[in-house]
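Summary of the model geometry
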There are 2 protein chains.
Amino acid sequence: MLDLHEIELYTDIMGLHGLFEPDKLHKNYELIDERNQIRSKIIPSLEEAVRLSGLKDGMTISFHHHFRNGDYIVNLVLDTLARMGFKDLVVAASSLTDCHAPMIEHIQSGVVRRIETSGLRGKLAQAISNGVMNAPVVFRSHGGRAYAIETDELQIDVAFLGAPSSDAVGNANGYSRENNDKGIMCGAMGYAKCDATYANKTIILTDHIVPYPNAPFGIPESDVDFVVQVDAIGNAEGIMSGATRFTNNPKELLIAQLAADVIEMSGRFENGYSFQMGSGGASLAVAQFLREKMLRNNIKASFALGGITGRVVDLHEEGLVHKLLDVQSFDLIASQSLKNNRYHQQISASYYASPANSGTAVNQLDFTVLSALEVDCDFNVNVLTGSDGVIRGAIGGHPDTACGAAVSIVVVPLTRGRIPCVVQRVNTIVTPGKTVDVVVTEYGVGVNPQRKQLRENLAKAGIPLLTIEQLQQKAESLVGKPEPIRYLDKVVGIVAYRDNTIIDLIHQVQ
Amino acid sequence: MLDLHEIELYTDIMGLHGLFEPDKLHKNYELIDERNQIRSKIIPSLEEAVRLSGLKDGMTISFHHHFRNGDYIVNLVLDTLARMGFKDLVVAASSLTDCHAPMIEHIQSGVVRRIETSGLRGKLAQAISNGVMNAPVVFRSHGGRAYAIETDELQIDVAFLGAPSSDAVGNANGYSRENNDKGIMCGAMGYAKCDATYANKTIILTDHIVPYPNAPFGIPESDVDFVVQVDAIGNAEGIMSGATRFTNNPKELLIAQLAADVIEMSGRFENGYSFQMGSGGASLAVAQFLREKMLRNNIKASFALGGITGRVVDLHEEGLVHKLLDVQSFDLIASQSLKNNRYHQQISASYYASPANSGTAVNQLDFTVLSALEVDCDFNVNVLTGSDGVIRGAIGGHPDTACGAAVSIVVVPLTRGRIPCVVQRVNTIVTPGKTVDVVVTEYGVGVNPQRKQLRENLAKAGIPLLTIEQLQQKAESLVGKPEPIRYLDKVVGIVAYRDNTIIDLIHQVQ
């Protein structure tokens, strides 16, 4: 007779799992209502979902910023957690903005101990720049945040993800098919996808439950633990405009035209090229000028990456851009396109820009056009702190695209009011100069000295070239040297590069 | 002066990562060719990809079975690994079939030490039933395999995944847009998606490199390490037929009609219901009869799950089935639909059936129609071993859908030739009777005694009901009692239930 225990594999499996036990099977027979209950992850209240999530003091919670300045979720959740008595939480938002000012109170009362974010604006940013928090805020790019999450540097205990639609088991989308687009739309949910994949527990908050299956889905139910229905997830006007604004500003248009010329003459403007444009007015104008060049030269782009705007969707629908890869949709046209067009592909923050992934989308880019608060003579870029040293911006995908793209172009006016935007040394380094190839101002174009061939191509094409020092001196001649900012010793922000190293510190302003 | 080391967070980050070092940044400037090289994960040969993967003797390799009996990948890879001198490998295929007979040699020579699979057929199955391997084969359902992978029970070192198309960084699909459908198509790649997510290294083998981005994608490049171009990934005829065959067999049609009647009269046939059909001829006929009932009663299905066939696609395109959730496309019509229709959603094996996920698709089913080799008086089902005790089938999603669906229906002829299909005790338990609700034969319908309400509904509707014992006795009266199978002591197969427990053993045949 065979002794089964002589079979190593059998013994291993028996030791781990044992024999099948039919009594452990629960298959619901008679009660159809009970079965429908089992199918649902809907929890009657946010409080109950929080209890079920196992959230404890000191843990890390996360949010996405796809609702931009119309977000209700962060405030709703923090208010609820404050009422429930939570303390010392780490808030890891993919970004924060003006509407999140109410967080100041939660910082002061001890609900929020630490913040990780791509950016800060408004009153919350000012309060932090003025030292309201004990622990410094950690600022990360979108790719850097994805990397931190993937490598367990940033471990999310509970993700609170607002979604315009979800079915009862948590397949969630940034739009809804069921309400004829009358509800909130945010389009792609690329940052949320990342959190949902890695968070210990994921809670979807939606104002719109739809029938199963909510497919195609942005967030799959397999990443979701609980679904909570709330009255409102956000404010449509704050989330997005109908279509992103095309600039009329002559200075911006000039810069945009120059940037488009730089792209055309760079030596990489050929059929199948790819690009990412920022969302600012100048960037959109670049897309418009590029369009003319594409038509004239019979050149089509293989894909556009973004931050996708309606303008870029138009290029795609016109047949000039083959595919769209979208981590975040900036306007309603882009959201609609994502919803209806399968060549408008939603991607996660990790797929978009994680430095751990050699095939990541930013690495496939030929061109990226980025904005800046200021740029310096080493081509370092600051998008985070203003001329007064106060935090007023967001890193976004800036260092990721600058590093990944073959040609990274920063568009910036020489001055803004009385503030020089090309300086000797930026207040805060966010994107290192080694990854910035071209600076385009209304006075001329500066090319990073390491880009000899690029510089040659542009010179041959008659692009007005100046050294970065000349641009800085021109700015200085117009508005003078910037006042040195007076800081206190306290560190209020740690700026992390994509790879988790520390690239700069932000100090408290006086 | 502030001592930065007094800031705990700063010290933590510095300790882990240190300061940003610009010299570590590699951004390629002048050499466009070198940059295009960097963008690519294409490795010149399979051997080189294997070397880069770090594969060692004793490790676990995996394959999908989306190419069914036209697969070339398993044999190609094993031949290559044999030539390279590898030994003692664990082959974790999502399933294996007739065309994998060449593996026998690799078992005998020691290249392959152990196998995990959903099923075995043909010469390989016979060899294993006859004791060619030392270690037993572990048989898992699709949901059980996903669960084993997710829980690290089955740790895949290198996944070798054939794909009809891939771009240079590994976005892969079960079809190609670039070759006007002249290449191999397999449609959904749900099993492959699971492996790609969890394997330590993932190698895509394709005969068709397409431009970036190959979006929408089945497998995202972020899950892929290497891409290898091969001459042929499979044989189109073996992979799939144009459209799955609709049965003419009168017995099968009768069974199908009865099964459709059972569905209609079950008490759950209402607007928004859902179903999964198997791929056999009888199952397709059930779909056809259901169609008539849906039209007559003005009932539409919310979704169909599968194993999707062209027949079910037709129902969707007719507006009778709202959405399709597809883990595996059974014919070209289904593949085309997946390619072109965004409501035909590709899902991973985990999303499909993992018992770890309460919202998993099988749990949303109202009805599943399953085949069987034999069923017994406890409603246990065998889909794995034949009347001679030899392995000749695959578990597939059988236990997963049976457990998850509100009403699980097994369609089986009372006899096949001289073999009874309703017996006192099945040779091998694959799907436990507790999850099987209805057995439909051409002689009548048996309802699991635990389903009192269901039985009552069917009786009221005039469905010809018999006890399972009566069905067994009828079968016995037709063809006699089955010959007891003569086994040897050696265990050649361990049948794992969805939750990793051991539900049955398969012994060597004499």
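Anything mentioned here points back to the structure above.
Described below are features of the structure shown in this document. In this text the structure is predicted, and so the values were computed from the model without any measurement. (Residues numbered from 1 in each chain as written. Chains lettered and ligands numbered in written order. Predicted model: local features only at pLDDT ≥ 70, side-chain atom pairs only at ≥ 80, totals over all residues. Heavy atoms only, no water.)

**Comments concerning the overall build of chain A**
Per the secondary structure count, chain A includes 17 helices and 27 strands. By the compact-globule yardstick of 24 Å for 510 residues, chain A fits well, its C-alpha radius of gyration being 25 Å. By its C-alpha atoms, chain A is 85 × 55 × 55 Å across when sized along the principal axes. In chain A, 72% of the contacts between residues at least 6 apart in sequence involve partners at least 24 apart. Carbon and sulfur atoms provide 48% of the accessible area of chain A, an area that totals close to 18,100 Å². In chain A, 45 side chains carry a positive charge and 57 a negative one; their mean positions are 7 Å apart. (Helix = DSSP H or I, 4+ residues; strand = E, 2+ residues; numbered from the N terminus. Rg over C-alpha atoms; globule rule 2.2 N^0.38 Å. Contact = heavy atoms within 4.5 Å. Areas by Shrake-Rupley, 256 points an atom, 1.4 Å probe, with all protein chains shown as cover. Lys, Arg positive; Asp, Glu negative; His and termini not counted. Charge placed at Lys NZ, Arg CZ, Asp CG, Glu CD.)

**So, the sheet that holds strand E18 (residues 381-382) of chain A**
Residue and element names in this part refer to chain A. One open sheet accounts for three strands, arranged E18-E17-E23; its pairing is mixed. The open sheet has two edge strands with one neighbour each: E18 and strand E23 (422-423). With two bridges joining them, strand E17 (residues 374-376) and E18 adopt antiparallel strand pairing. Looking across to E18, one finds that Val 375 is bridged to Val 381. (Pairing = 2+ DSSP bridges.)

**Concerning the environment of A:Ser45**
You can see A:Ser45 is positioned in the loop between strand E1 (42-43) and helix H3 (46-53). A:Ser45 sits 182 residues away from A:Val227 along the chain, and the two C-alpha atoms are 9.3 Å apart.

**Some thoughts on the interface of chain B and chain A**
Tallying the contact residues gives 89 residues for chain B and 89 residues for chain A. Taken together, both faces of the contact between chain B and chain A bury some 7,700 Å²; the carbon and sulfur share is 57%. Counting across the interface, chain B meets chain A through 20 residue pairs in polar contact (both at pLDDT 80 or more). Looking at the side of chain B that touches chain A residue by residue, the classes come out as 44 nonpolar, 23 polar and 22 charged. (Buried area = accessible area lost by both parts, 1.4 Å probe. Polar contact = N/O pair within 3.5 Å; in protein donor to acceptor, adjacent residues only side chain to side chain. Nonpolar A, V, L, I, M, F, W, Y, C, P; charged D, E, K, R; others polar.)

**What about the packing of aromatic side chains?**
How two aromatic rings sit relative to each other is given by the distance of their centres and the angle of their planes. Counted according to the given criterion, the structure contains 14 aromatic pairs over all chains. With a centroid separation of 5.0 Å and 20° between ring planes, the pair formed by A:Tyr351 and B:Phe217 is classed as stacked. You can see A:Tyr351 sitting in helix H14 (residues 349-353) and its partner B:Phe217 sitting in the loop between strand E10 (201-206) and strand E11 (226-229), one on each of two chains. Of the two residues, A:Tyr351 and B:Phe217, both sit in the buried class. The rings of A:Phe269, A:Tyr273, A:Phe275 and A:Phe367 are connected pair by pair, giving a single aromatic cluster. The residue whose ring lies beneath A:Arg342 is A:Tyr343, and the NZ or CZ to ring-centre distance is 5.2 Å. (Phe/Tyr/Trp six-rings, centres within 6.5 Å; stacked < 30°, edge-to-face > 60°. Buried < 20%, exposed > 50% of the residue type's maximum accessible area, 1.4 Å probe, protein only. Lys NZ or Arg CZ within 6 Å of the ring centre and 35° of its normal.)

**Overview of the pattern of salt bridges**
Residue and element names in this part refer to chain A. A complete count under the given rule lists 37 salt bridges over all chains for this structure. In this structure, Asp 261 engages Lys 293 in a salt bridge whose closest nitrogen and oxygen atoms are separated by 2.6 Å. Linking Asp 261 in helix H10 (residues 250-265) with Lys 293 in helix H11 (residues 281-297), this pair joins segments that are 32 residues apart in sequence. (Salt bridge = Lys/Arg side-chain N within 4 Å of Asp/Glu carboxyl O.)

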